[in-house]
Every structure is written in C-alpha cells, then in structure tokens.
Amino acid sequence: MSCFVKKPIQLGLVSALALTAGHAAYAQDAGDEDETARRFNTVVVTAQRREQSLIDVPLSVSAFDGDLLADLGVDDLTEVAKISPNVTLEVSRGTNTTLSAFIRGVGQQDPVAGFEAGVGIYVDDVYLNRPQSAVLDVFDVERIEVLRGPQGTLYGRNTIGGAVKYVTRRLSDEPTFAGRVALGSYNQRDVVLTAGIPVSDTFRVGGSFAILERDGFGENRNLSGVENYNKDVTAGRLSAEWDVTPDFQLRFASDYTEDKSAPRQGHRLIPGQLTGAPVLNDVFDTRAGLNVVDQDSEAYGASLVAEWTLNENFTLKNILAYREDESTTPIDFDSLPSGDLDVPAIYENDQFSEEFQILYSGDRLNGLVGVYYLEANASTVFDVLLANTGDLLMLPGLNAQTFGDVSTETWSIFGDFTFDVTDRFSVSLGGRYTEDERTSRVLRRTFVGGFSEFFGGSPTLIATTSDFNGTADFDDFSPRLSLAYDLTDSSNAYFTYSQGFKGGSFDPRGQTTAAPDTNQDGMVSDDEVFNFMQFDPEEVDSYEVGYKASQFGGRLTYSLAGFYSDYKDVQVPGSVGVDTDGDGINDTFSGVTTNAGAATIWGVEFEGNATVAEQIFNSDDLFNINWSLGYLDAQYDEFIDAFGNDVADDRVIQNTPDWTASTRFAYDTPFTIADNDGRLLLNTLVSYRGDSSQFEAPNSFLDQEAFTLWDASIRWEAESGRWGVNLTGKNLTDEEYIVAGYNFVQANPDGTFTPTLGLEGTLTAFYGDPRTVTFGVDFKF
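Values in this document were obtained by computation on a predicted structure and should not be read as measured data.

With respect to the overall build of the protein
When helices and strands are counted, the protein shows four helices and 42 strands. In terms of overall dimensions, the protein is globule-like: its C-alpha atoms have a radius of gyration of 27 Å, near the 28 Å expected for 781 residues. Along the first, second and third principal axes, the C-alpha set of the protein runs to 85 × 60 × 50 Å. Sequence separation of 24 or more characterises 69% of the internal contacts of the protein that already satisfy a separation of 6 or more. For the protein, the distance from the average site of its 52 positive side-chain charges to the average site of its 121 negative ones is 7 Å.

Now the structure itself:
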C-alpha cells in the first residue's frame, strides 16, 4: 500500500518538463526496512530457468521490468541496448522489423536464410529461429532480460553470443482493463488496450491489442506521397491459463503482428556515379525508385506450456510452439530512380519446436535436464535488377535472381545443476549435446527483360549460374562450469566457463560457377562445389569472473564482471560483384561465406543501482541513480581473405563499440494536481556508444563515430494507480547516427569511387531515430 504524506508539495507542472518519468518508488515511513530501495533495486529473473534474485545468478544478466521500460518510453526491443553494456540491437538495413543483434562482439548482421542467429531472441521461453519480425514492440511486458555470454545448457536452442528474453505479463485472478493512448512528434498515434477476466476460479483469459502509427521522419522525393521511416503496425496477443489442478497448469499464448510501414530506404553518402545525382540534405530522405512490391511483414505464432509439480522436489515442464512469418520488401540499394541495384525480396519462415524439462529443487541441489527439438524452414527469393549495367552490355533488364531455401532439423539434450557444497560455496555444472541437419537448395538464374515472376515480371532466362542441393550434419558438445561463493549474505563472487556453438550451413547466395578448382586438375568437381557453398560451425570459449553485491539494506546494488572469449572459425558472410564473361564489368554477384576468422575478445562490465537520498524536500521523496558501463577489446587474430591472405590487421569486429555506457537519474515525490493526490516521477537517461564499424573492413563513410543520446520524461500518477500522464522526449539533442548501411564501391586514393556492382555506386546509410516528443495517458481498472 502506497504511503503519502498529508500535505504533498505542489509544484508548477511546467517547471519539470525537461525531465522524464522514473520507475515509481513509493516510500514507506522513516525507519521501515528500506522498502523504497528494494522497489528500485530488487529484480527477480529466470536466467537459470528458476526464479532467483539477480544478485544470486552467477552470470552477466541485465533485467528491466515492464514498469521501468514504460517509464523510460521504450517502444521496441532495440532501445534496450541503450541501458545494457556491450550490447547492440538495431533494425537491419533496408527493413522495418528485422533485427541485427550482437552481444560482446558476437552476433549476426545478415538476415538471409541459412545463417543462425548469434544472439537468441526468446518470447516466453520460445526461441525465434529467424531475425525477421524480431524487432518486438514493447507492450504488456513483465520484463526483458539480457544474458551475456554463451547460452545452451539452460535454454532450448544453443546461442553463441547470448540471449534476450521477452517475458509477457501473466493473467490476474481479478478482472482487469488497462490502456494507453499516446500522441507525439511526426503525428505519432499509439493505442494499446489490455484486458483479462477470470472465467472461473481456475480459468483465466486475456489479451492485448495495439495500433502503433507514425508519419515518416523523411520522404521519398522520387515517389510522390511515399514516406520514409514511418510506422504502421497492428499487433495483438491472446492468452489463457488453466489451473487444471493445484499442481498442474496450462498456459496458451498466441500473437499476431502486421507491419505495413513504407519501405525504409537508405540515404546516399556520395553523388550518383552515372547521373551525378547530388547528396540530399536530409538523411531521412531518399530518391529510391523501386516499387514493384509493397513493403509488408506479417508474423504469428502460438505456444502451449504445461507445468506439473510432482512433489516438492520435481517439476515437469513442456513447451510446444509454432511460429510463421512472411515479409516482402523492396530494397533499392543505390536509392536512386533508375534500376541500378534494385532488390525486391520475399522472406518466408516457419518453425515448430518442442521442449521438455525435468526440474529438480532440493535443499542443496537445484537444476534441470531438458530435451529440445526444432524443425524449421527459411526461404528467401530476391531479384537484383542491374538495368544500367544491362544497357551497357546490351542486355536490357539484366536481372540476377537468387532463390535460397534452407531446412533445419535439430535436436539436443542439455542439463545444468547447481550443488551447494556449503551454505556459501556452490558449484554449477552443465552440458549440452546438439545434432543439426541442414538441407539447402540454392538456385541462381540470370534473366533479361526485368523482374522475375515472383515480382510481377515475365523475363527471359539466359543462364543458370547455380543449381545446388546439399545436406550437411553438424554435432557438438558444449560444457559449462561455474563456481560461486557468497562472501556475505548479500554478495556473490563467481567464476564461469562456458562454450558456445553455432552450426554451419550453406550460403544461400552462393554461385556454384564461381567455385574454384582447388586441386588444379582442370575441372571443378561436385565435392569442390559442395565445399565452396558450405561453411563450418563456429565456436567460442568464454571465461568470466564477477562480483555482485547489495549493500546498505538494498540501497546500493551493483555487479562487476570481466570476461575473455576465444572465438574460433568465425563465420564471415559477404557479397562480391562477379564478372561472368571477363569483360571487366561485374554483371552479377555472389555470396561468399567462409570460416575466415579467429578472434580474441575481452572486456569489463559494471552495472548498478543506488538510492542516493530520501526526504530531500519532503518526508516522502527519493532520488535514485542507475548506471551501466561496458568496455570491450575485440581483435581478429586471423582473417583469411578470398585470395588466401591473412588481413587480420586490416579487419575489425563489426557492430561492436569499444565503450558503452548509460546513466539514469530518477526523482520521485508526492505531487498534487487540482486536488488530486499522486506522485511525480522524474527521469533522465544519458547513453553513450563508442566508435563502431558496420562491416569487418572499416569504411570512413559508414562507420559511426562515438555519440551520446539524451532522453528525458516526466510522469504523474494518481494515488490510486488507476491513471497517469507522461511526457517523454528522446534524442533531445537530435543526434544523427548511422545504424546500418550498404557498400558496393571501391574508394580510390584521388577521392573518386569505382562501383563494384551497378554503375551509380552504392554507398548508402540508415539512421537511428531523430528527436521525438510523446504525450501519453494511461489507465487501468
């Protein structure tokens, strides 16, 4: 029960508009056992598949509850990277809903079929096999957890870099109805409604519905009426919970999302090399001319979780899930009207997963054993229209089409147990055995006459440059060892060793006619083609030492971790222009993925929360600080290029800043508006990201220099908690920063550029959001 002073201070609302709302912290009477500090600092997580205080988990975990995320105005999953050290979460180039994720330098940028994610995304313990539709909007969420380092002995799918858990709210035993309406910059219009009802004492149903709309940050100056960077999302969730018996529960959950936002096209960084088209002044504007398909993304899925408590020691849990998504996107690489490098694409993904766990909880031993099965298919088809090149070669409407279809069937058995050797010292031991089978079809065809039948055309086939079918099996055992010692009742020092594994596959853009004659016998054999198309698994050995503590009755909590990773057989995907007829002009392209790299990555992470002061201006206010700091040193020890040369000294780990940091200041005080008692919640967040590179080869145009973002908001909430208002500002200094890009040019010493595919020269960038301000009203009954 919140406790308010009899005469809360009354301040003019305008005087605090520069700050933002913090997580609500309701102070108790002076002398109470620091309930205020616990409200700020105590977070319960399930990183080890059981509920634990964050202090007790011998892993690097950042956890953010739903109230905090709402107070900070977090709209989607990518914004969590602002407050997580050594984490990159970005919208992939040329898309609105595809996620590029990196944790501690390990991740995956390329969203095409055939590549496993380096960072696992989970929704209520269901692993998302593909990055399409993984830029999850944040609403009706219980918490988001970010786990850094390899995961596999505790989670269904092995993930080499880490995992992000998106946990939705459970249904209440009482009828609920809540909503949020927000208006903001660029004509933002958001409506979120959530409702739940107990049908009986043992059965509950509920759901959420969201409409999220915003005009574009820029416009397409070539296609009249088409916006750039707008948002048009409709999403919904339905769930049901049935307590079949006091010891046996079922939870059904389903979700649907449709994103009909306009295509997100890039900003050219150099003039057109053929037409001389100048660089536009506004980085959010484009001249892209590709419009043969509409941008559309649709995703849906369902899961059924059964949990049976056999006795005080054993619990059985089963997670059954199916998901499917389809995206069409017109990606105009060169962002100019002509068909110089126009790529309409279709992505189709589906997955079925089954996970069964046996959990044990005893006086000194806790852990689980699990079996995981995944059957998934990822299909990608895209055209590459090289109209300008075709005109030069007298091949009008030259089109290099790629169809890639990759099926995955994998099963694994995993286990992880923690034994309390003494009341303070514990040992955790885990392992995972995985078998993956990857089957791939790659069909590459060259047409004249424009786009293929997938995109409304009827071209003429002139060549088939790849017609590949292949199957490969991969297996691995990954161990984990952790030692933890409680120095005090509220502190924990630990050492953890874990190994991560990411399976191999086939490059779905590979061109078999480009396969080399490796044994120099005058012909390219089927085995040589197979080896050219296939790439092997990658592995990482991760070592971590850490210390976590809660002091002064919970008023100060912090964690400090140092880590070292030995990253081997790094999968390096890329695309290069190919000259098929030796005339000096690249008339198609080929995907080239190799296990070219070996890297060493080490770093330090420091996170904390502190209740700095109470009763500052009255008997019931509070001031709180949260921070995160990450340093990372990542270097390639070996990087073999396409010509067999080791170019490690000239390559960097992509999408990995050396420094990441954030600081959040929050002030909470009683506040009365028009005789309505409530609380004023003020919050400001400053986040910093150091220099980073978009690709392994540094590029002075695309690489992003260090930058700082400032977000701020103010929230007032009624004493009853039934309604509130908030004003949120993001990127208040209007910082311009690049999050992705395309590069198909070679920079020359004299400052000119030579296109490597197409004639206009593709060097385009995609940017993070500009300054925005949002006013919202929320209610609940």
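A look at the packing of aromatic side chains
Using the criterion set out here, one finds 32 aromatic pairs in the structure. Aromatic side chains Phe468 and Phe530 sit 6.2 Å apart centroid to centroid with 50° between the ring planes, which places their arrangement in the tilted category. Taken together, the residues span a long stretch of sequence, with Phe468 in strand E25 (residues 460-488) and Phe530 in helix H4 (residues 526-533) at a distance of 62 residues. Note on Phe468: relative accessible area 6%, which makes it buried. We classify Phe530 as partly exposed; its relative accessible area is 24%.

Points about the pairing of strand E11 (residues 176-184)
Relative to strand E12 (residues 188-198), E11 runs antiparallel, the two sharing nine bridges. In the sheet register, Leu183 faces E12, and the bridge partner there is Arg189. Counted along the chain from E11 to the antiparallel partner E12, the turn is three residues long, and its residue Tyr186 has a positive phi close to 55°. Here E11 runs beside strand E42 (residues 772-780); their pairing, made up of seven bridges, is antiparallel. Bridge pairing in E42 links Arg180 to Asp778.

Quick notes on the confidence of the model for the protein
Low-pLDDT portions of the prediction should not be read for the details of their coordinates. Residues with a pLDDT of 70 or more make up 91% of the protein, whose mean pLDDT is 89. In the model, residues 1-42 has pLDDT below 50 throughout and makes 114 contacts with residues more than four positions away in sequence or in other chains.

Re a negative patch on the surface
Taken together, the side chains of Glu375, Glu409, Glu435, Glu437, Asp473 and Asp475 define an acidic patch exposed on the protein surface. Listing elements by their share of the negative patch, those giving two or more residues are strand E24 (425-448) and E25. Checked against the element boundaries, Glu435 lands in strand E24. By relative accessible area, which is 32% here, Glu435 ends up partly exposed.

Examining the sheet that holds strand E5 (residues 99-103)
Pairing is antiparallel across the open sheet formed by three strands, whose spatial order is E4-E5-E6. Each edge of the open sheet carries a strand with a single partner, namely strand E4 (87-91) and strand E6 (106-108). Neighbour-to-neighbour, the strand axes of the sheet open up by a mean angle of 10°, direction not taken into account. Here five bridges tie E4 to E5, and the two strands are oriented antiparallel to one another. If you follow Leu89 over to E5, its bridge partner there is Ala101.

Some thoughts on the pairing of strand E26 (residues 491-502)
Most of E26 is tucked away, with ten of its twelve residues classed as buried. Taken together, the seven bridges between E25 and E26 define a ladder with antiparallel strand orientation. Its bridge partner lying in E26, Thr488 is registered against Ser491. Between the end of E25 and the start of E26, which pair antiparallel, lie two residues. As paired elements, E26 and strand E29 (residues 538-551) share twelve bridges and run antiparallel to each other. Opposite Asn492, over in E29, you have Lys548 as the bridge partner.

What to know about the pattern of salt bridges
As enumerated under the stated definition, the model contains 43 salt bridges in all. In this structure, Arg480 and Asp416 form a salt bridge, with 2.8 Å as the shortest nitrogen-oxygen distance. Of the two residues, Arg480 sits in strand E25 while Asp416 sits in strand E23 (residues 399-420), which places them 64 residues apart along the sequence. For the pair shown, Arg480 and Asp416 are each scored as buried. One network of salt bridges, in which partners are shared, links Asp124, Arg170, Asp173, Arg204, Glu241, Asp243 and Arg251.

Notes on the environment of Tyr485
Structurally, Tyr485 can be placed in strand E25. Distance in space between the C-alpha atoms of Tyr485 and Gly456 is 64 Å, their sequence separation being 29 residues. Once you skip the residues sitting within four places of it in the chain, Tyr485 turns out to touch Arg424, Phe425, Ser491, Asn492 and Ala493.

Concerning the nonpolar core
One finds Phe333, Leu341, Val384, Leu763 and Tyr767 to be the most contacted residues of the largest nonpolar core, which totals 37 residues. Every element with two or more residues in this core is listed here: strand E21 (342-361), strand E37 (707-718), strand E39 (738-747) and strand E41 (762-767). Sort the elements by how many residues they give to this core and E39 lands first, with six residues. Apart from residues lying up to four places away in sequence, Tyr767 is in contact with Tyr229, His267, Leu269, Val283, Phe284, Glu736, Tyr737, Ile738 and Val739. Counting 29 residues, the second largest nonpolar core, distinct from the first, contains Ile103, Ile121, Ile144 and Val146.

Concerning the environment of Glu258
With respect to the helices and strands, the residue Glu258 is situated in strand E17 (residues 248-259). As for Glu258 and Gly678, which are separated by 420 residues in sequence, their C-alpha atoms are 37 Å apart. If near-sequence neighbours (up to four positions away) are discounted, Glu258 is found in contact with Asp232, Val233, Thr234, Asp296, Ser297 and Glu298.

With respect to H4
Among all positions of H4, only Glu528, Val529 and Met533 are buried. Angular distribution of buried residues about the axis of H4 spans 130°; they occupy a single face of the element. Every exposed residue of H4 that faces more than 90 degrees away from the buried side is listed here: Asp527 and Asn531. Those residues of H4 that are buried lie in contact with E24, E25, strand E27 (505-506) and strand E28 (534-535).

Some words on the side chain of Asn230
Tracing the chain through its elements places Asn230 in the loop between strand E15 (227-228) and strand E16 (231-245). One polar contact links the side chain of Asn230 to the main-chain amide nitrogen of Ala262, over a distance of 2.8 Å. Other than its neighbours up to four places away in sequence, Asn230 contacts Arg214, Asp215, Gly216, Ser261 and Ala262.

Remarks on unusual backbone geometry
We note that Tyr229 has phi near 65°; this positive angle belongs to a residue other than glycine. Position of Tyr229 among the secondary structure elements: in the loop between E15 and E16. Not every positive phi belongs to a glycine, and Phe552 is a case in point at roughly 55°. Looking at the secondary structure, you find Phe552 in the loop between E29 and strand E30 (556-572). Its relative accessible area of 60% is what places Phe552 among the exposed residues.

A look at the sheet that holds strand E40 (residues 753-755)
The pairing of strands in a sheet happens through backbone hydrogen bonds and is either parallel or antiparallel. Strand order across the open sheet formed by four strands is E18-E41-E39-E40, with antiparallel pairing between neighbours. The open sheet has two edge strands, strand E18 (267-268) and E40, and neither has a second partner. Looking at chain direction, E39 and E41 are connected through six bridges and run antiparallel. Paired with Ile738 across the two strands is Tyr767, which belongs to E41.

Here's the deal with the side chain of Asn731
By the element assignment, Asn731 lies in the loop between strand E38 (723-730) and E39. Excluding residues that lie within four positions of it along the chain, Asn731 makes contacts with Leu709, Trp710, Asp711, Tyr737, Asp769, Pro770 and Arg771.

Here we look at a nonpolar patch on the surface
A surface patch of nonpolar side chains, amounting to about 750 Å² of accessible area, comprises Trp308, Leu310, Phe314, Phe356, Ile358, Val369, Val371, Trp411 and Ile413. Among the elements of the structure, E21, strand E22 (365-382) and E23 are those that each provide at least two residues to the nonpolar patch.

What counts and how
Residues numbered from 1 in each chain as written. Predicted model: local features only at pLDDT ≥ 70, side-chain atom pairs only at ≥ 80, totals over all residues. Heavy atoms only, no water. Helix = DSSP H or I, 4+ residues; strand = E, 2+ residues; numbered from the N terminus. Rg over C-alpha atoms; globule rule 2.2 N^0.38 Å. Contact = heavy atoms within 4.5 Å. Lys, Arg positive; Asp, Glu negative; His and termini not counted. Charge placed at Lys NZ, Arg CZ, Asp CG, Glu CD. Phe/Tyr/Trp six-rings, centres within 6.5 Å; stacked < 30°, edge-to-face > 60°. Buried < 20%, exposed > 50% of the residue type's maximum accessible area, 1.4 Å probe, protein only. Pairing = 2+ DSSP bridges. pLDDT = per-residue confidence, 0-100. Patch = residues over 30% accessible without salt bridge, like charges linked within 9 Å, V, L, I, M, F, W, Y side chains within 5 Å. Areas by Shrake-Rupley, 256 points an atom, 1.4 Å probe, with all protein chains shown as cover. Salt bridge = Lys/Arg side-chain N within 4 Å of Asp/Glu carboxyl O. Axes fitted to C-alpha atoms, helices over the stretch in contact; angles between N-to-C directions. Core = buried A, V, L, I, M, F, W, Y, C linked by side-chain atoms within 4.5 Å. Arc of directions from axis to C-beta. Polar contact = N/O pair within 3.5 Å; in protein donor to acceptor, adjacent residues only side chain to side chain.

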